[in-house]
Amino acid sequence: MRTHRDFLTFADFTKSELDALFKLAARMKAGRYRRKPLAGHALAMIYLKASTRTRVSFEVGAWQLGAHPLFLSNRDVQLGRGEPITDTARVLSRMCAGIMIRTFAQADAEELARAADVPVINGLTDEHHPCQVVADLMTVREAFGTYEGKRIAWIGDGNNMANSWLDAAWRLGFELRLACPEGYEPDPALLARARERGRVLLTRSPREAAEGAHVVSTDVWASMGQEAEQQQRERAFAGFIVDDALMSRAAKDAIFLHCLPAHRGEEVAASVIDGPRSRVWDEAENRLHVQKALMAALMGGEPLAAAAATGRGSPRRPKPKQ
Ligand code: CP
Ligand code: NVA
C-alpha cells in the first residue's frame with residue numbers, strides 16, 4: 001500500500017494542508033523550528049535543467065533539517081545515458097528518503113513518482129512549478145497577511161508558472177487575472193477547472209489584468225527548453241512588459257513578484273524589479289523556507305494539520321537508510 005505523498009502539482013495539497021505548510025514555513029523562517037527530522041537521511045535531487053534557487057534552497061534546506069542532499073545532474077548519472085526513469089526511482093528509493101526532480105515533461109516526474117517508494121517533489125517541469133508558487137504565496141501572506149480576497153495578476157507566458165497559479169487559484173480561491181498573448185495561453189484544462197471558482201480571467205490586455213491588482217507577477221518569455229523560440233516570442237510578447245506604467249494600474253500597495261531569473265528590459269523594467277514594490281528577494285529567500293516545510297512534512301513526518309482530515313493518514317516517516 002502506498003503510504004507516502006508526493007508534491008507534483010500545487011493541487012496535490014488541500015487548502016488546509018497548504019495553510020499548514022505556510023505556517024510551518026513561517027515558523028522556520030522566524031527561527032522557531034529547531035528539529036532535524038531528516039537526520040540520517042538523504043535527499044536525491046535530479047536536475048535535467050539548470051537551477052540556482054531550487055538547487056540552493058533544497059540543498060541548504062535539506063542540510064538544515066539534517067539530511068544529506070545529493071545533486072544528480074543528467075551529465076553525471078546514468079539517467080542521462082538512457083537508464084529508465086523507473087529503474088532510477090527504484091534505486092534511489094532504496095537509499096534516499098525523498099527525491100526532487102527538475103525535468104522537461106510532467107509525465108516523467110509522474111512516472112518517477114509512480115515507481116518510487118519515497119516522496120517525490122516537483123522542482124519544475126515544462127507544465128508546473130508548484131514549489132515556486134508556494135513561495136510566492138508565502139510572500140503574498142507576508143505582504144498582506146493573507147491571500148484571501150487578493151487579486152493576483154499574471155502578465156506574459158501561459159507557462160509552468162501560470163499553470164501552477166491556476167492550480168493555486170482553484171485550491172485557495174483568490175482572484176487570478178492572466179494576460180497572455182494569443183497562442184501562449186495556459187493549460188486549458190487547468191484554466192477550466194480554476195474557472196469553476198468563477199474568479200479567473202484570461203485576457204489579452206496586460207492593463208486589464210493589472211487593474212487594481214494586489215500582486216503583479218511575470219516570468220521570462222522563453223522558458224528553459226524554448227531558447228530557439230526567443231525571437232519569435234519577443235515579437236509575440238511585445239507590449240507585455242511590466243513597467244511603471246503597468247504597475248500604476250495596480251493597487252496602491254501592490255507588490256511585484258518574479259520567480260527569477262529575470263531579463264530586465266524584456267518582461268520587466270529594471271525600475272520595477274529593482275524598485276520599491278519589488279519583493280523578489282524575499283520571494284527567492286522564501287523558496288528555502290517552503291522547501292524545508294515541504295521536506296519536513298513529506299519526508300520527516302511533520303504533520304500538516306489536515307493530513308488526518310483527508311483520510312490519507314500522516315505522511316510516512318521512513319527509518320534512516322544507512
Ligand atoms: N525560480 C527558480 O526556480 O529558479 P531556478 O531556476 O534558479 O531554480
Ligand atoms: N518558466 C521558467 C521558470 C524558471 C524558474 C522556466 O521554466 O524556465
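Each remark here, short or long, concerns the structure printed above.
Just so we're clear, the structure is a prediction, and the values are computed from it rather than from any experiment.

(A) Broad picture of the overall build of the chain. From N to C terminus, the chain includes 12 helices and nine strands. Rg of the C-alpha trace for the chain: 19 Å, near the compact-globule value of 20 Å for 322 residues, within the 12% margin. Out of the 322 residues belonging to the chain, those deemed buried represent 56%. Once local pairs closer than 6 in sequence are excluded, the contacts in the chain between residues at least 24 apart make up 74%. Between the averaged position of the 44 positive side-chain charges in the chain and that of its 40 negative side-chain charges there is a distance of 7 Å.

(B) Examining the packing of helix H1 (residues 15–29) against helix H12 (residues 280–298) more closely. Two elements in contact, H1 and H12, have axes separated by 8 Å at closest approach and are oriented at 120°. Relative to H12, H1 is oriented so that their crossing is right-handed. Where H1 abuts H12, its residues Leu21, Leu24, Ala25, Met28 and Lys29 lie against Glu285, Asn286, His289, Val290, Lys292, Ala293, Leu294 and Ala296. Taken together, the residues of the contact of H1 with H12 sort by class into eight nonpolar, two polar and three charged.

(C) Region of interest: the site of ligand 2. Contacts to ligand 2 come from Leu124, His129, Asn159, Asn160, Asp219, Ser223, Met224, Cys259 and Leu260. Measuring from an oxygen atom of ligand 2, one finds a side-chain N or O atom of Asn160 at 2.8 Å. One of the side-chain N or O atoms of Asp219 is found 2.6 Å from a nitrogen atom in ligand 2. For ligand 2, whose free accessible area comes to 270 Å², the fraction covered by protein is 94%.

(D) Region of interest: helix H2 (residues 53–64). A rise of 1.5 Å per residue sets the reference length of H2, with its 12 residues, at 16 Å; its end C-alpha atoms lie 16 Å apart and thus fit the reference within 8%. Residues of H2 that are buried include every one of Thr54, Ser57, Phe58, Gly61 and Ala62, and no others. Buried residues of H2 fall within an arc of 120° about the axis and therefore sit on the same side. Looking at the buried residues of H2, the elements they touch are strand E1 (42–47), strand E2 (68–73), strand E3 (98–102), strand E4 (120–122), helix H5 (130–144) and H12. One or two residues past the end of H2 sits Gly66, with phi positive at roughly 105°.

(E) Spatial organisation of the pattern of salt bridges. The final tally for this structure, using the stated rule, is 16 salt bridges. Salt-bridge contacts for Lys49 lead to Asp126; the nearest nitrogen and oxygen are separated by 2.6 Å. One end of the pair, Lys49, is in the loop between E1 and H2; the other, Asp126, is in the loop between E4 and H5, with 77 residues separating them in the sequence. Judged by relative accessible area, which is 8%, Lys49 ranks as buried. Residue classification places Asp126 among the partly exposed residues on the basis of a relative accessible area of 37%. Each of Lys15, Asp19 and Glu148 takes part in salt bridges that share partners, so that together they form one network.

(F) Examining the environment of Asn160 more closely. Along the polypeptide, Asn160 turns up in helix H6 (residues 160–172). Separated by 26 residues in the primary sequence, Asn160 and Pro186 have C-alpha atoms spaced 8.0 Å apart. Other than its neighbours up to four places away in sequence, Asn160 contacts Leu124, Thr125, Asp126, Glu127, His128, His129, Asp219 and Ser223. At 3.0 Å, the side chain of Asn160 and the backbone oxygen of Thr125 are in polar contact.

Conventions used here
Residues numbered from 1 in each chain as written. Chains lettered and ligands numbered in written order. Predicted model: local features only at pLDDT ≥ 70, side-chain atom pairs only at ≥ 80, totals over all residues. Heavy atoms only, no water. Helix = DSSP H or I, 4+ residues; strand = E, 2+ residues; numbered from the N terminus. Rg over C-alpha atoms; globule rule 2.2 N^0.38 Å. Buried < 20%, exposed > 50% of the residue type's maximum accessible area, 1.4 Å probe, protein only. Contact = heavy atoms within 4.5 Å. Lys, Arg positive; Asp, Glu negative; His and termini not counted. Charge placed at Lys NZ, Arg CZ, Asp CG, Glu CD. Axes fitted to C-alpha atoms, helices over the stretch in contact; angles between N-to-C directions. Left-handed = near helix turned anticlockwise from the far one by under 90°. Nonpolar A, V, L, I, M, F, W, Y, C, P; charged D, E, K, R; others polar. Near = heavy atom within 4 Å. Polar contact = N/O pair within 3.5 Å; in protein donor to acceptor, adjacent residues only side chain to side chain. Areas by Shrake-Rupley, 256 points an atom, 1.4 Å probe, with all protein chains shown as cover. Expected span 1.5 Å × (residues − 1). Arc of directions from axis to C-beta. Salt bridge = Lys/Arg side-chain N within 4 Å of Asp/Glu carboxyl O.

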